[in-house]
Every structure is written in C-alpha cells, then in structure tokens.
Amino acid sequence: MRKKIVAGNWKMNMSLEEGLRFARSVDQYFREKPAGKAEVILCTPFIHLPGVAEIVKSGKVALGAQNCASEASGAYTGEVSAFMIKSTGAQYVIIGHSERRSYYNENDKLLNKKTVLALNSGLKAIFCFGEVKEEREAGTHFIIVKRQLDEGLFTLPVEEMNKIVIAYEPVWAIGTGLTATPEQAQEMHQYIRGLVKEKYGNDCAKQMPILYGGSCKPSNAAELFSKPDVDGGLIGGASLKKEDFIAIVEAV
Ligand code: PGA
C-alpha cells in the first residue's frame, strides 16, 4: 500500500522561538499518539531546520524545507542549497510551490534543476504544481498540469521517482478558502496517476503519493482523503494551528 502523508507548510511564519515551541508540541503529541498510517512532515522556514531536526529526532515527525537554491554551491548571496538543507537533518524539500512560481518567477525548467539538485543531495522532493483560476475556467487545467509535470518532473529516471512526492495544488484554492471538491481532486489525481503510469509504468504510479493542497482543513480533510487517489495533503494555513493540523493528520 502506498504511503499517506500530511505535510504542514508553515510558509513565512513564526519566530525561531515560536517555531521550536510549536514543533516540540506537535512532536510530543505524535510520540504519545502515533499518527498511524500517515507520515507527518513539518516544512519549516530555513532558520528553524536545525532546531526542529533536533526536536523530532525520535522519528515520529519528518522535516522539510520549503525551497532550495537552483545551484549546488558558490557565490549566490542569500541562497540556501539542497546540500545545506540535508546537512540540518531534514529529509524533504518542497519544490515548485505556486507562491515560488508566481512571486519569484520560478518556471518548470528551473524547478526541474532544483529537483535534480535536491535528489542528488539525498533529499526527497515534494513537487508542487497546479492550474490558476483562469486556466480552470477555460478548461485547460489538464493541459497545464501535464506540461508542468512533463517539464518539471518527468525528465527524471524511474529509479529516482521513489524519492518524489507529488502535490497537486490548484492555485485558486491556496489560502483562498475555496477548496477543490473531493470529486475535482479525485478527477485530477486520477489523471496525474495516469500520466505517471504512462511515463514510468504501473508499479511507479501505484506507489506514488499524490497529495492535495489548497484550503484543506479539519472540516473537509476526511472527505478529500477518502478519495482513492488522494494520498494526503499539503497544508498551509491550517498547519499553523496545532489542533487543526492534528485533526487533519487524524483524518487520514
Ligand atoms: P493553504 O495552503 O492550506 O493555506 O491553502 C496550501 C499550500 O500553500 O500548500
């Protein structure tokens, strides 16, 4: 059976102290009451990584960054490389979040480069993509998603695909309170799994975790996760409230 995952994306929130306190309390919860089938990942800002790595070292909660540099090392002021992220103890990195794509002009070619660097550094990549509102309304969402996957991800050899988590995040649902219906999510996730199967074969498609992201909250998580191709969620806003985040994990 493939892995179920709930990943919290803190985005640019919390001071160092607040983040460590929050991570300590989430970790303590899952040490006392293990998350069962779901793998729990906290994707924190860079500054929290070493501290949170220390807190979660018992292994009940995994750790990820939210971005990495598109170069391996060198004179890139202000950047943080995949190798540096790995050295903190993190296991994951989010690549291609829609906020990176839209505010920082990250395109599929660049994101492909970041994904390769992340895997080469020993990280697993949570590769995000999804259509914007106008594309959904124009009915081009399947074409857009296929292009994002073809250019961003599907250059990888099949042996590398077991280090990938796919996160479908319709941009119109992120932070807006508008959630894709469980049917819309399932329709797209099934399509995505079909694309993985076409490119990499049935075994790869069957084991690939495909997460949903976009206004996922305790009130809609169980229904979204009940769909056969929805393997968990990438959670923004609701991952900043401990009770909500735990409720979403428990919905798996
Ligand atoms: P949201 O964000 O849950 O706040 O909509 C999801 C995401 O950006 O990953």
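Our structure is the block above this text.
So, here's what we can say about the structure.

The rules behind these values
- Residues numbered from 1 in each chain as written.
- Predicted model: local features only at pLDDT ≥ 70, side-chain atom pairs only at ≥ 80, totals over all residues.
- Heavy atoms only, no water.
- Helix = DSSP H or I, 4+ residues; strand = E, 2+ residues; numbered from the N terminus.
- Rg over C-alpha atoms; globule rule 2.2 N^0.38 Å.
- Contact = heavy atoms within 4.5 Å.
- Areas by Shrake-Rupley, 256 points an atom, 1.4 Å probe, with all protein chains shown as cover.
- Lys, Arg positive; Asp, Glu negative; His and termini not counted.
- Charge placed at Lys NZ, Arg CZ, Asp CG, Glu CD.
- Buried < 20%, exposed > 50% of the residue type's maximum accessible area, 1.4 Å probe, protein only.
- Polar contact = N/O pair within 3.5 Å; in protein donor to acceptor, adjacent residues only side chain to side chain.
- Pairing = 2+ DSSP bridges.
- Near = heavy atom within 4 Å.
- Nonpolar A, V, L, I, M, F, W, Y, C, P; charged D, E, K, R; others polar.
- Phe/Tyr/Trp six-rings, centres within 6.5 Å; stacked < 30°, edge-to-face > 60°.
- Salt bridge = Lys/Arg side-chain N within 4 Å of Asp/Glu carboxyl O.
- Axes fitted to C-alpha atoms, helices over the stretch in contact; angles between N-to-C directions.

Here's the deal with the overall build of the protein
Argument step 1. Within the protein, the secondary structure is distributed over 11 helices and eight strands.
Argument step 2. For 252 residues, the compact-globule formula gives about 18 Å, and the C-alpha radius of gyration of the protein, at 17 Å, lands near that figure.
Argument step 3. C-alpha atoms of the protein, sized along the principal axes, occupy 45 × 45 × 35 Å.
Argument step 4. Contacts in the protein between residues at least 24 apart in sequence constitute 72% of all its contacts with a sequence separation of at least 6.
Argument step 5. When the accessible area of the protein is evaluated, it comes to approximately 11300 Å², of which 53% is carbon and sulfur surface.
Argument step 6. Here the protein carries 31 positive and 30 negative side-chain charges, and the mean point of each set is 4 Å from the other.

Section: the side chain of Gln-148
Argument step 1. Inspection of the secondary structure assignment puts Gln-148 in helix H7 (residues 141–152).
Argument step 2. The buried category is assigned to Gln-148, whose relative accessible area is 5%.
Argument step 3. Here Gly-130 takes part through its backbone nitrogen, which lies 3.0 Å from a polar atom of the side chain of Gln-148.

Focus: the environment of Ala-118
Argument step 1. Its place among the elements puts Ala-118 in helix H5 (residues 108–120).
Argument step 2. Judged by its relative accessible area of 0%, Ala-118 falls in the buried class.
Argument step 3. In the structure, Ala-118 is positioned 23 residues away from Ile-95 in sequence and 8.9 Å away in space, judged by C-alpha atoms.
Argument step 4. Those residues in contact with Ala-118 that lie beyond four places of it in its chain are Ala-82, Val-93, Ile-95 and Leu-123.

Focus: the pairing of strand S5 (residues 124–129)
Consecutive side chains of a regular strand alternate in pointing toward one face of the sheet and then the other.
Argument step 1. Counted residue by residue, S5 has five buried out of six residues, so it is predominantly covered.
Argument step 2. Pairing of S5 with strand S6 (residues 164–168), which is carried by five bridges, proceeds in the parallel orientation. Bridge assignment links Phe-129 to a residue of S6, and that residue is Tyr-168.

Brief notes about the site of the ligand
Argument step 1. Surrounding the ligand, one finds 13 residues, the nearest of these being Lys-11, His-97, Glu-169, Gly-175 and Ser-215.
Argument step 2. The contact in question runs from an oxygen atom of the ligand to an N or O atom on the side chain of His-97, over 2.6 Å.
Argument step 3. A distance of 2.8 Å is found between an oxygen atom of the ligand and a backbone nitrogen or oxygen belonging to Gly-237.
Argument step 4. Protein contacts shield 95% of the accessible area of the ligand, which totals 280 Å² for the unbound molecule.
Argument step 5. For the shell around the ligand, the class distribution of residues is four nonpolar, seven polar and two charged.

Remarks on the packing of aromatic side chains
Argument step 1. Scanning the entire structure with this criterion turns up six aromatic pairs.
Argument step 2. On the basis of an interplanar angle of 85 degrees and a centroid distance of 5.5 Å, the ring pair of Trp-10 and Phe-22 is categorised as edge-to-face. Placement of the pair is Trp-10 in the loop between strand S1 (4–9) and helix H1 (16–32) and Phe-22 in helix H1, with a sequence separation of 12 residues. Pair check on accessibility: Trp-10 and Phe-22 agree, each one buried.
Argument step 3. An angle of 45 degrees between the planes, with centres 6.3 Å apart, marks the rings of Phe-129 and Tyr-168 as tilted. One end of the pair, Phe-129, is in strand S5; the other, Tyr-168, is in strand S6, with 39 residues separating them in the sequence. Here the two residues Phe-129 and Tyr-168 agree in accessibility, since each one is buried.

Some remarks on the pattern of salt bridges
Argument step 1. The full count for this structure, using the stated rule, is 21 salt bridges.
Argument step 2. A salt bridge links Lys-114 to Glu-106; the shortest N-O distance between them is 2.8 Å. The residues Lys-114 and Glu-106 share a single accessibility class, namely buried.
Argument step 3. For the salt bridge of Glu-131 with Arg-136, the shortest nitrogen-to-oxygen distance reads 2.8 Å.
Argument step 4. We classify Glu-131 as buried; its relative accessible area is 0%.
Argument step 5. One continuous salt-bridge network, built from bridges that share partners, spans Arg-2, Arg-193, Asp-229 and Asp-231.

Focus on the sheet that holds strand S7 (residues 210–213)
Strand pairing in a sheet relies on backbone hydrogen bonds, with the paired strands running either antiparallel or parallel.
Argument step 1. Around the barrel, eight strands lie side by side as S1-S2-S3-S4-S5-S6-S7-S8; this closed barrel has parallel pairing. In this sheet, adjacent strand axes meet at a mean angle of 30 degrees when their direction is disregarded.
Argument step 2. Contacts from helix H8 (residues 182–200) reach S5, S6 and S7, with the element oriented near 145 degrees to S7.

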